[in-house]
Amino acid sequence: MNFLNLSSLKKFWAIAKLYWLGREKIGAFSLLLLIGLLLLSYTNLSVVLNEQQGNLISALSKKDSQRFWRSVLIFLEILAIYVPLYAGYGYLVNKLGIFWRQWTTRHFLDKYLKNRGFYYLSSNKEIDNPDQRIAEDIKGFTQNALGFFISLIQGMLQIIVFSGVLWNIYQPLVLLIVAYILIGTFIVILVFGKPLVRLRFEQLKKEANFRFSLLRIRENSESIAFYGGQVQESNYAKKLFNEVVEIFNRLILREFNLSLLTNLYQFLPLLLPPVILAPRILGGDMEVGKVSESIGAFLSVFNALNFIVYRFESLTGFVAGIDRLYALKQYLEQKDQTKNTIAVHIPTIDIVEDSRLAIQQLTLQTPNYLRTLISNLSLELQAGQGLLVMGESGCGKSSLLRAIAGLWNSGTGTIIRPNLSEMLFLPQRPYMILGTLRNQLIYPSTESQIDDEQLCRVLEQVGLPKLVERFGSLDVEQDWSDVLSLGEQQRIAFARLFITKPRYAILDEATSALDIKNEENLYQHLMKTGTTYISVGHRPTLMNYHHLLLELLENGMWKLR
C-alpha cells in the first residue's frame, strides 16, 4: 500500500503510544475491551437477524403463516437486545475517542507552551499553522484512528461469522467475494493512492493559510484601516483563497473519478448473490429467502473486506494529518536537543541563573550570525537600580532584552540573571488576555490574594481610577485589546507590575503611547517599589528615572554612564 507505508505506520504509532502506553492506558484498554464485548455480542445477534429476515421471505413465498409470525416474534425479541447493545457500543466508541483527543491535545499544548516552544515555532517555516495541527489534526487523528481500528475488528468478526453463513448457503460465494475485493482494492490503491494523499496534504495547508490571513486582518483591523490597506489585504486573501479553490478543484476531480469506480464497485454485490443463486432457486433446490440471507451475509463480508476502498477517501486525509502532526511532535520534542547539538558547533550566549543581574563580555549577533549588534558588553545592576538603554533604531536595544529573556542566544559571553519567574517583561504592545479585568491585572498569575479595594487602588496609581466604573465590574469580560487604547493597555501592564512586585522588570518602550506626565507618574511609582529594572526608550526624560544609561552606537560599539 504505497500511501499507507511503513513510514506512516511508524509515525502513527509514535503519536498513538503517547496515550495507549501512557498514564491512561489502563482506563483506555478497559474501555476498549468493553467495546469489544459489545461488538462481539451485537455482531452475533446480527447474524440471527439476517437469518430471520431470510426466514420471513421464505415463509411468505410458501404462504406459511405460522413460520412467518414465529420469525417476526424472534426478530423483534432479538432486536430488543440488539438496539441498546449497538447504541451503547456507539456511545462508548465516542467516549473513548474524546478521552483520547482530550489527553493528546493536552499533551501537545503542554509541549507547545513549555519552554516557549510556541515562540521558536513561530520562526519555523516548515511547520505551518501549529494551531490547526493541535485543534484539527489531533481531532482527525484520534477520531479516524479509532474508527479505523474498530472497523478493522468489526470487519474481522463479520468475516468470521458471515463467511460461515455464505459457506453453508453456497461455497463458491465465499471465493467470489474474496477475489472481487482483492481486485477492487488493488485498482483503487494503484490508481488513486499517493496522488490523493498529496492533494489532501496540500489542501490542509492551503485552507490553514487562508484562515490565518483572515485572522491577521481581524487582529490588525485598526492598522489596516488607518493605512487604507484593504485593497492589498483583499488581494492577498483572494490569492490564498484562489489557491484553496485550485487545490480543491484538483481534489474533487480525483474524487469524482474515484467515486465512479467505488459506486459501481459497491453496488455490484447487490446483484452478484442473486445471479449466482438463481439457477438453484429456479430449479427448486433452494428457498427464496436464502437469496435475501446471502445478500445480507455477502454485503457484511464485502464491507469488512472492502475496508480500504470503503474508507479510502478518509484514509488519505488521515495519512496527511499523521504527517503534519508527527512533524509538530518531532519539533516540540527535539527542540532542546537540537539547541544543545547546535551549541556544540556554533558559539552561543551562556545564561547563568543567580540572584543578581549582570552581563559579562557579551557579544550579541543576529540569529543568522551575519551582523554584530553589540560587542564585548559588561555591566552589573545593583538591587533597586534602573538601567536605560538608548540608541538608533536597529542598533540592538530590543535584541538585548530578548537575549536577557533567553529568546536569543546568538553570540558569545554570559548573562547572569534570576529565574524568569522573578522577572516581568513589559513589551511596547502589552498582551491582553481573554478574560476578566481582574485576570488582566493579575496576569501572568492565575490566582491572587489581592482584594478588590487593592486592585482599584493600583488602577488609581496608574491613572485609570474610573476603569472599573466604566465597565461595571472587575469580573466583566471584554475583548480588552479592542476596548482599551494602547495607552490604557500600557498602564494596565504597569498595574500588573505593581501587583506582581517582581524583583526585576524589563520594559521595552513600555510608555511609548503615554504623555510625559503619565510616564513620570508610572516611573515614580516603579522607583518606590525597589524593583531592579531595565528600560528601552527614546525620550530624554526617561533618564530622570534611571541610575545608568547604556547608549548603543554603530558597529557594535556602546557607551555606559
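All values reported here derive from a predicted model rather than from experimental measurement.

Peer 1: Quick question: what am I supposed to make of the overall build of the protein here?
Peer 2: Along the protein, the regular secondary structure elements total 19 helices and 12 strands. Relative to its full complement of 561 residues, the protein shows a buried share of 45%. Counting only contacts in the protein whose residues sit at least 6 apart along the sequence, the fraction spanning at least 24 positions is 78%. Accessible surface, the protein: about 29800 Å² in total, of which carbon and sulfur atoms supply 57%.

Peer 1: Quick question: what am I supposed to make of the nonpolar core here?
Peer 2: Across soluble globular proteins, you tend to see nonpolar side chains buried next to one another. Core analysis: the biggest nonpolar cluster contains 41 residues, and Trp20, Ile35, Tyr89, Leu96, Trp100, Phe108 and Phe141 have the highest contact counts within it. For this core, the secondary structure elements donating two or more residues are α1 (6-20), α2 (25-61), α3 (65-113), α5 (130-169) and α12 (312-345). For this core, the leading source of residues is α3, giving 11 residues. What Trp100 contacts, discounting residues up to four positions off in sequence, is Ala16, Tyr19, Trp20, Phe141, Thr142, Ala145 and Leu146. With 37 residues, the next largest nonpolar core counts Ile492, Phe494, Tyr523 and Leu549 among its residues.

Peer 1: Honestly, the sheet that holds strand β11 (residues 548-552) in this entry has me stumped. Any pointers?
Peer 2: In a beta sheet, neighbouring strands are held together by backbone hydrogen bonds and run either parallel or antiparallel to one another. The 6 strands lie next to each other as β6-β9-β10-β4-β11-β12, forming an open sheet whose pairing is mixed. Unpaired on one side and paired on the other, β6 (423-426) and β12 (558-560) mark the two borders of the sheet. Between one strand and the next, the sheet's axes are offset by a mean angle of 15 degrees, whatever the strand orientation. By the bridge criterion, 5 bridges tie strand β9 (residues 504-508) to strand β10 (residues 532-536) in an arrangement that is parallel. Note on β10: the bridge partner recorded for Ile506 is Ile534. Packing of helix α13 (residues 397-405) onto the sheet brings it into contact with β4 (386-391), β6, β9, β10 and β11, and relative to β9 it is tilted by some 150 degrees. With respect to the sheet, helix α18 (residues 486-500) is in contact with β6 and β9, its orientation differing from that of β6 by roughly 170 degrees.

Peer 1: Is there a simple way to think about the confidence of the model for the protein in this case?
Peer 2: Close inspection of predicted coordinates is inappropriate for parts of the model with low pLDDT. Per-residue confidence for the protein gives a mean pLDDT of 82; residues scoring 70 or more make up 84%. Scored below 50 in pLDDT, residues 338-344 makes 2 contacts in the model with residues more than four places away or belonging to other chains.

Peer 1: Mind showing me how you'd approach the side chain of Arg133 here?
Peer 2: Tracing the sequence through the fold places Arg133 in helix α5. With a relative accessible area of 2%, Arg133 lands in the buried category. Separated by 2.7 Å, the side chain of Arg133 and the backbone oxygen of Arg324 make a polar contact.

Peer 1: Explanation requested: the packing of aromatic side chains in the structure shown.
Peer 2: For any pair of aromatic rings, the description consists of the separation of the ring centres together with the inter-plane angle of the planes. Applying the stated criterion across every chain, the model contains 17 aromatic pairs. Consider the rings of Phe494 and Tyr523, whose centres lie 6.0 Å apart with planes at 70 degrees: the pair is edge-to-face. Separated by 29 residues along the polypeptide, Phe494 in helix α18 and Tyr523 in helix α19 (residues 516-529) bring together distant segments of the chain. Taken together, the aromatic side chains of Phe12, Tyr19, Trp20, Phe29, Trp100, Trp103 and Phe141 make up a single cluster linked through ring pairs. Taking the ring centre of Trp408 as reference, the NZ or CZ of Arg402 above it sits at 5.4 Å.

Peer 1: Help me understand the pattern of salt bridges in this model?
Peer 2: Note that side chains of opposite charge can pair when their charged atoms are close. Going through the model one piece at a time under the given rule, you end up with 13 salt bridges. Glu243 is the salt-bridge partner of Lys206, the closest N and O atoms lying 3.5 Å from each other. Taken as a pair, Lys206 in helix α6 (residues 172-219) and Glu243 in helix α8 (residues 230-267) lie far apart in primary sequence, 37 residues in all. By relative accessible area, which is 21% here, Lys206 ends up partly exposed. A salt bridge links Glu519 to Arg539; the nearest nitrogen and oxygen atoms lie 3.1 Å apart. Highlighted residues: Glu519 in helix α19 and Arg539 in the loop between β10 and β11, separated in sequence by 20 residues. In this structure Glu519 comes out as buried when scored by relative accessible area, which is 1%. We classify Arg539 as partly exposed; its relative accessible area is 24%.

Peer 1: How should I be thinking about the environment of Val476 in this particular structure?
Peer 2: Mapped onto the elements, Val476 comes out in the loop between α16 (467-471) and β8 (477-478). Setting aside residues up to four positions removed in sequence, Val476 forms contacts with Gly435, Thr436, Leu437 and Phe471.

Peer 1: What is the right way to look at the side chain of Thr414 in this model?
Peer 2: Within the secondary structure layout, Thr414 lies in strand β5 (residues 411-417). In contact with Thr414, not counting residues within four places along its chain, are Asp350, Val352, Ala358, Ile359 and Gln360.

Peer 1: Hey, could you run me through the pairing of β9 in this one?
Peer 2: Here β9 lies mainly inside the structure; 5 of its 5 residues are buried. Side chains Tyr504, Ile506 and Asp508 of β9 all project onto a buried face; the interleaved residues Ala505 and Leu507 project onto the opposite face, where all are buried too. Pairing of β6 with β9 involves 4 bridges; the strand directions are parallel. Within the sheet, the bridge partner assigned to Leu426 lies in β9 and is Leu507. Handedness of the β9-α19-β10 crossover: right-handed.

Criteria and thresholds
- The numbering scheme is per chain: residues are counted from 1 as the chain's sequence reads.
- For this predicted model, a pLDDT threshold of at least 70 governs which residues receive local features, and a threshold of 80 or more governs which side-chain atom pairs are given and counted, while totals over whole chains, interfaces and linings are taken from all residues.
- With hydrogens and water excluded, all non-hydrogen atoms of the structure serve as input to the side-chain values.
- To qualify as a helix, a DSSP run of H or I must reach at least 4 residues; to qualify as a strand, a run of E must reach at least 2; elements of each kind are numbered from the N terminus.
- Accessible area is worked out with a 1.4 Å probe on protein chains only. A residue is then buried under 20% of its type maximum, exposed over 50%, and partly exposed in between.
- Two residues qualify as a contact provided that any one of their heavy atoms is within 4.5 Å of a heavy atom in the partner residue.
- Each accessible area is a Shrake-Rupley estimate made with a 1.4 Å probe; only the visible protein chains count as cover when residues are assessed.
- Residues grouped as a nonpolar core are buried Ala, Val, Leu, Ile, Met, Phe, Trp, Tyr and Cys residues, joined through side-chain atoms within 4.5 Å.
- Two strands qualify as a pair provided that DSSP identifies no fewer than 2 bridges between them.
- Fitting a line to C-alpha atoms yields each axis, with helices limited to the stretch in contact; the angle taken between N-to-C directions then spans 0 to 180 degrees.
- Confidence scores labelled pLDDT are given residue by residue by the predictor and lie between 0 and 100.
- In the analysis that follows, any N or O atom pair within 3.5 Å is treated as a polar contact, provided that within protein one partner can donate a hydrogen and the other can accept it, and provided that, for residues neighboring in sequence, both atoms belong to side chains.
- In summary, the pairing rule links any two rings of Phe, Tyr or Trp, Trp by its six-membered ring, whose centres are within 6.5 Å, and it sorts them by plane angle into stacked for under 30 degrees, edge-to-face for over 60 and tilted for everything else.
- Definition used: whenever NZ (Lys) or CZ (Arg) falls within 6 Å of the ring centre and also within 35 degrees of the ring normal, the charge is taken to sit over that ring.
- Salt-bridge detection follows one rule: a side-chain nitrogen of Lys or Arg within 4 Å of a carboxyl oxygen of Asp or Glu.
- Look down the strands so they point away from you; if going from the first strand over the helix to the second traces a clockwise path, that crossover is right-handed.

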